[in-house]
2 protein chains.
Amino acid sequence: MTDSFLAQCRELIGDAHVLTDDADVAPYLSDWRGRYTGRARAVLRPADASQVAALVRLCAAQRVPVVPQGGRTGLVIGSVPDDSGRAVVLSLRRLNRIRAVDPVNRTMTVDAGCILYDIQQAASSQGMLFPLSLAAEGSCTIGGNLATNAGGTGVLRYGNTRELCLGLEVVTAQGELWDGLRGLRKDNTGYDLRDLYIGAEGTLGVITGAVLKLFPQPKAGITALVALRSCRDALGLLQLAQDTAGPTLTGYELMSELCLRLVGKHFPDLPQPFPTPHPQYALLELSSHESEQHAVGLLERTIESALEAGLAQDAVVATSIAQSRALWAIREHIPLAQAVDGKNIKHDISVPISRIADFVEQTDALLAQAWPGVQVVCFGHLGDGNLHYNIAPPAGTPHEAFLAYQGDINRIVHDSVAAFGGSISAEHGIGALKRDELPRYKAQVELELMRAIKAALDPLGIMNPGKIL
Amino acid sequence: MTDSFLAQCRELIGDAHVLTDDADVAPYLSDWRGRYTGRARAVLRPADASQVAALVRLCAAQRVPVVPQGGRTGLVIGSVPDDSGRAVVLSLRRLNRIRAVDPVNRTMTVDAGCILYDIQQAASSQGMLFPLSLAAEGSCTIGGNLATNAGGTGVLRYGNTRELCLGLEVVTAQGELWDGLRGLRKDNTGYDLRDLYIGAEGTLGVITGAVLKLFPQPKAGITALVALRSCRDALGLLQLAQDTAGPTLTGYELMSELCLRLVGKHFPDLPQPFPTPHPQYALLELSSHESEQHAVGLLERTIESALEAGLAQDAVVATSIAQSRALWAIREHIPLAQAVDGKNIKHDISVPISRIADFVEQTDALLAQAWPGVQVVCFGHLGDGNLHYNIAPPAGTPHEAFLAYQGDINRIVHDSVAAFGGSISAEHGIGALKRDELPRYKAQVELELMRAIKAALDPLGIMNPGKIL
């Protein structure tokens, strides 16, 4: 291959959008957490779906691997190239138009490169809600959210990104444009291609557009932080809250005492809601389509019942939007506090909700046995059975040194997840980071089915090679 | 092929469960609406998933086509064999165990042959709701619901069967058993095989088990029938109801004046809710997790606003469970009244909700132009954009004779659906009935992707041949 490939790229999308200088290319090569930097032949920045299709056709003809990239905020090294330097990075960031909003159908049609925050704002400006919400929302693109089937804090009520998408536009691995931009709640006309591309992390094709579901904007939201004796009580409170508040319960997050301690240590300006520490905390969010009074009533009823039943030890209810934000800020600062504290070994796991307390208890014990004093920073979306189960070294052990045990710790945690019928990647995906873990935890027949699909849709193997499989 | 194939089947599952006598086989060969009768080499009735796997392995080895069958209530000739007599019918009806209920995870694990009604009852007996509900629920199996991604009357709030399933157990076309019975709300570890098998109508493999989502049982439900001037007003009322009642609105059905007239004619014992006829009617159902008073309050507020805004002309609110059932009975008797009235030409279509009124107006006009006096029996799940748009002959024209125009009428209706960005099968599937319509309405690239997947997962082409593709 000579420069003729790049010359053809330039012809297709313009000189300015074919980046090859090291300084221009560098920002596209490193993963979000800074653990990996790859190399690329070029970064291509097409303007629209037809340019994407033309580029992929060219890449297919010349067998050039394609690494689709959105906001590059993924956590599993899924959107950066390997170090061979053979691949091009295909940045979707210039595809950033909100194509249409249909308030009666409650849908929005968007380019894949739209920033999640901009989509949330566009919905809200029309009195509607796009409920996908996650830490990187100011930088991540909806195409990346779709490619990784992102989760976040609204899944309990509204589902994962998968459930928020009605239709897709995709450039296939052959560079053909599939217009599946249907705004339909029901469509049973053949195989579910949409859900196959969603969560495939760019290994089967390139998502260039989507039809998203919108919801009526709730009239009021209210937040509470409840102090608990244990993870098991957090499960009891979840049941109670769901039975009491039904679909009004839109968020349910768990945080351990250590999480709040870390936040307090590194962000002392954030409020400390309780005078004394408690082993666990649950953050509840209720959203009402009726009134604030309605949400407050349901929340108070939930908390009163929980206190009476001995499930809750104490509770703080936010009485203003500022207070509500402050409670959420504690939750959101946990990963930031962890980062300041030093590198740690992260896991994004899920188990059936009914087994969470047992999982935490048993896995904590296994780790403590292997590394006495090890610190488990456990928090996450309890309502979805999804925990961020992160491991920091015993006090006094240097964080960097502790990273040497990453493989051993992953083995304990992931084997435990498997024993509880769980998933080693609940909401982040596989990427390159967890690829080699997959064969241990997937049945051979499932891996073969996945490989058969990969070979059928990307027979040349040019789409994001080395990710997932 | 000789009888050795059947002898091997008998060895695998027992003589009593390999049916070959005409009288035994006959009930498995005809489609639900009695339009088609195929032939089969035998009917196989395995007892469990491992017997299914053994049978499929045998069929694959001997290239015997396999037609999976559940309750045989499908509407698109998808679960009966063709007339070659080469295929075996694989009846899943003996796989009818409810394997487990997990009230904390809110999941139920079931065999594919469980009757939908039994699943609803098993959930309800534990104070939970499995919200899939449709006319055939007393006979259809969950495996068939999954294979066709069935819809029904609860989709507005709870989604299609696809959204109600967390995990699957599938026998592949090679006769391997894939255990994907995960009870996880979040799992991003590779391609979404689950959603590929759901809606594939048995053409990629055989669903033998599933993990289903359960919901807290609402404490109260309330129903109202609202008289409307037009389909457009029905859309306005839908918006108003969603904004007022939020997730409490769990059902929204449309019925035209002709629908109620037909029901009144053939089922005169059913109530006639209004003294004078109105062009359209909307059936609303609200379900509250709080109290009956809460549901009534929201419904009254919705109806008052609709009357004030001139959207509603009149309304009847059910004040007892018996009255609520009577209102639903009107809706449920429409297809029965149609059947008594004579054969008609049925369509199961969806369009974006915002375009429904225009679609109905324009398609009605096109049909009236081609067949003056033609009668459109239009009703369905307006909240999902899904209508049953059925065509009966002009008064005086014999129904049977009118069926000769089926092809021409389908063309007008389906072309109109396509022009409005809709689907020619919203909730019934493709089967053999609509297979030849598909190439007209699917882009070539989408058909090629579907064929590539079929070839990858069922390279011998033995799974339910002649259906979908």
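Small disclaimer: the values here were computed from a predicted structure and weren't measured.

**Q** How would you sum up the environment of Gln8(A)? Please name residues and give values.
**A** All names here are of chain A. Take Gln-8: it is sitting in helix 1 (residues 4-13). Look at Gln-8 and you get partly exposed, because its relative accessible area is 33%. Residues Gln-8 and Leu-58 lie 50 residues apart in sequence; the distance between their C-alpha atoms is 8.1 Å.

**Q** Give me the sheet that holds strand 2 (residues 42-44) of chain A: which residues, what numbers.
**A** Residues and elements named next belong to chain A. Strand order in the open sheet formed by 4 strands is 1-2-4-3, with mixed pairing between adjacent strands. Each edge of the open sheet carries a strand with a single partner, namely strand 1 (18-19) and strand 3 (66-69). This element, helix 3 (residues 49-62), spans strand 2, strand 3 and strand 4 (88-91) of the sheet and lies at about 165° to strand 4.

**Q** Report on the UniProt feature "domain: FAD-binding PCMH-type" (unreviewed entry) in chain A, specifying residues and quantitative values.
**A** UniProt records the feature "domain: FAD-binding PCMH-type" (unreviewed entry) for residues 36-217 of chain A in the present numbering. Structurally, residues 36-217 of chain A is divided into 21% helix and 25% strand, and its ends, taken at the C-alpha atoms, are 40 Å apart.

**Q** Break down the relation of the copies chain B and chain A for me, with residues and values.
**A** If you rotate chain B by 180° and push it 0.0 Å along the axis, it lands on chain A with an RMSD of 0.0 Å. What the rotation and shift describe, once combined, is the action of a two-fold rotation axis. Taken together, the interface assignments show that 100% of the residues at the interface of chain B recur at the interface of chain A, consistent with an identical surface on both copies.

**Q** So what's going on with the interface of chain B and chain A? Which residues, and what values?
**A** Counting residues at the interface gives 82 residues for chain B, matched by 82 residues for chain A. Interface area, chain B with chain A, both sides summed: about 6600 Å², of which 55% is carbon and sulfur. Where chain B packs against chain A, one counts 10 salt bridges. Residue Lys186(A) pairs with Asp384(B) through a salt bridge whose shortest N-O separation is 3.3 Å. Applying the counting rule to chain B against chain A returns 48 residue pairs in polar contact (both at pLDDT 80 or more). If you list the elements that add at least two residues to the side of chain B that touches chain A, you get helix 6 (155-158), strand 9 (177-180), helix 7 (193-197), helix 8 (231-245), helix 10 (292-308) and helix 16 (444-457) of chain B. Residue composition of the side of chain B that touches chain A, by class: 31 nonpolar, 29 polar and 22 charged.

**Q** Help me get a handle on the nonpolar core, residues and values and all.
**A** Residues Phe130(A), Leu168(A), Tyr197(A), Phe130(B) and Leu168(B) are the most contacted members of the largest nonpolar core, which totals 90 residues. Discounting residues that sit within four places of it in the chain, Tyr197(A) has contacts with Leu168(A), Val170(A), Thr172(A), Trp178(A), Leu204(A), Gly205(A), Ile207(A), Leu457(A) and Leu449(B).

**Q** Residues and numbers for the side chain of Thr141(B), please.
**A** All names here are of chain B. Positionally, Thr-141 belongs in the loop between strand 7 (128-129) and helix 5 (142-147). The buried category is assigned to Thr-141, whose relative accessible area is 2%. For Thr-141, the contacting residues outside a window of four places in its chain are Gly-70, Gly-71, Arg-93, Ala-112, Gly-113, Cys-114, Ile-115 and Leu-116.

**Q** Go over the sheet that holds strand 17 (residues 375-381) of chain B with me, naming the residues and quoting the values.
**A** All names here are of chain B. With respect to topology, 7 strands assemble into an open sheet ordered 15-12-14-13-17-18-16, the strand pairing being antiparallel. A single partner strand is all that each edge strand has here, and the edge strands are strand 15 (314-317) and strand 16 (348-350). The sheet shows a mean angle of 20° between the axes of neighbouring strands, direction not considered. The pairing of strand 12 (residues 220-228) with strand 15 spans 4 bridges and is classified as antiparallel. Bridge assignment links Val-226 to a residue of strand 15, and that residue is Ala-315. Packing against the sheet, helix 8 makes contact with strand 12, strand 13 (249-256) and strand 14 (280-288), and its axis sits at approximately 170° to strand 13.

**Q** Give a description of the domain arrangement of chain A that names residues and reports values.
**A** All names here are of chain A. Splitting chain A by domain gives domain 1 (4-91), domain 2 (98-216), domain 3 (218-336) and domain 4 (342-429). For domain 2 and domain 3, the distance between their C-alpha centroids amounts to 29 Å. Taken together, the contacts link 7 residues of domain 2 with 10 residues of domain 3. On the domain 2 side of the interface with domain 3, the three residues burying the most area are Thr-153, Leu-156 and Arg-157, jointly 70% of the side's total. Our enumeration of links across domain 2 and domain 3 arrives at 0 salt bridges.

**Q** I'd like a description of the pairing of strand 12 of chain B, backed by residues and values.
**A** Residue and element names in this part refer to chain B. Burial within strand 12 is extensive, with 8 of its 9 residues counted as buried. Across 9 bridges, strand 12 lies against strand 14 in antiparallel orientation. Residue Leu-228 lies in a different strand from strand 14, and its bridge partner there is Gln-280.

**Q** Kindly report on the packing of aromatic side chains, identifying the contributing residues and their values.
**A** Residues and elements named next belong to chain A. By the definition in use, this model includes 16 aromatic pairs over all chains. Here Trp-371 and Phe-402 contribute two aromatic rings whose centre-to-centre distance is 6.5 Å and whose plane-to-plane angle is 80°, an arrangement assigned as edge-to-face. Taken together, the residues span a long stretch of sequence, with Trp-371 in the loop between helix 12 (356-370) and strand 17 (375-381) and Phe-402 in helix 13 (residues 399-402) at a distance of 31 residues. Residue classification places Phe-402 among the buried residues on the basis of a relative accessible area of 2%. Put simply, the rings of Phe-359, Tyr-389 and Phe-420 touch in pairs and so form one group of aromatic residues. Here Arg-157 stacks its cationic end above the ring of Tyr-158, 4.7 Å away from the centre of that ring.

**Q** Outline the state of the cysteines, supporting the account with residue identities and numerical values.
**A** In total, this model carries 0 disulfides over all chains according to the counting rule given. Take Cys378(A): it sits in no disulfide, and the sulfur closest to it among the cysteines is that of Cys231(A), at 6.5 Å. Left without a disulfide partner, Cys9(B) is nearest to the cysteine sulfur of Cys59(B), which lies 5.8 Å away.

**Q** I'd like a rundown of the environment of Leu92(B), residues and numbers included.
**A** Residue and element names in this part refer to chain B. Turning to its location among the elements, Leu-92 is positioned in the loop between strand 4 (88-91) and strand 5 (98-102). In this structure the C-alpha to C-alpha distance between Leu-92 and Arg-45, which are 47 residues apart in sequence, comes to 6.6 Å. Non-local contacts of Leu-92, meaning those with residues more than four positions away in its chain, are made with Val-52, Pro-68, Gln-69, Gly-113, Val-206, Ile-207 and Thr-208.

Quick notes on the rules
- Residues numbered from 1 in each chain as written.
- Chains lettered and ligands numbered in written order.
- Predicted model: local features only at pLDDT ≥ 70, side-chain atom pairs only at ≥ 80, totals over all residues.
- Heavy atoms only, no water.
- Helix = DSSP H or I, 4+ residues; strand = E, 2+ residues; numbered from the N terminus.
- Buried < 20%, exposed > 50% of the residue type's maximum accessible area, 1.4 Å probe, protein only.
- Pairing = 2+ DSSP bridges.
- Contact = heavy atoms within 4.5 Å.
- Axes fitted to C-alpha atoms, helices over the stretch in contact; angles between N-to-C directions.
- UniProt positions renumbered as here; feature names shortened; annotations may be inferred.
- Least-squares fit on C-alpha atoms with pLDDT ≥ 70 in both.
- Buried area = accessible area lost by both parts, 1.4 Å probe.
- Salt bridge = Lys/Arg side-chain N within 4 Å of Asp/Glu carboxyl O.
- Polar contact = N/O pair within 3.5 Å; in protein donor to acceptor, adjacent residues only side chain to side chain.
- Nonpolar A, V, L, I, M, F, W, Y, C, P; charged D, E, K, R; others polar.
- Core = buried A, V, L, I, M, F, W, Y, C linked by side-chain atoms within 4.5 Å.
- Domains from an automatic or database assignment.
- Phe/Tyr/Trp six-rings, centres within 6.5 Å; stacked < 30°, edge-to-face > 60°.
- Lys NZ or Arg CZ within 6 Å of the ring centre and 35° of its normal.
- Disulfide = S-S within 2.5 Å.

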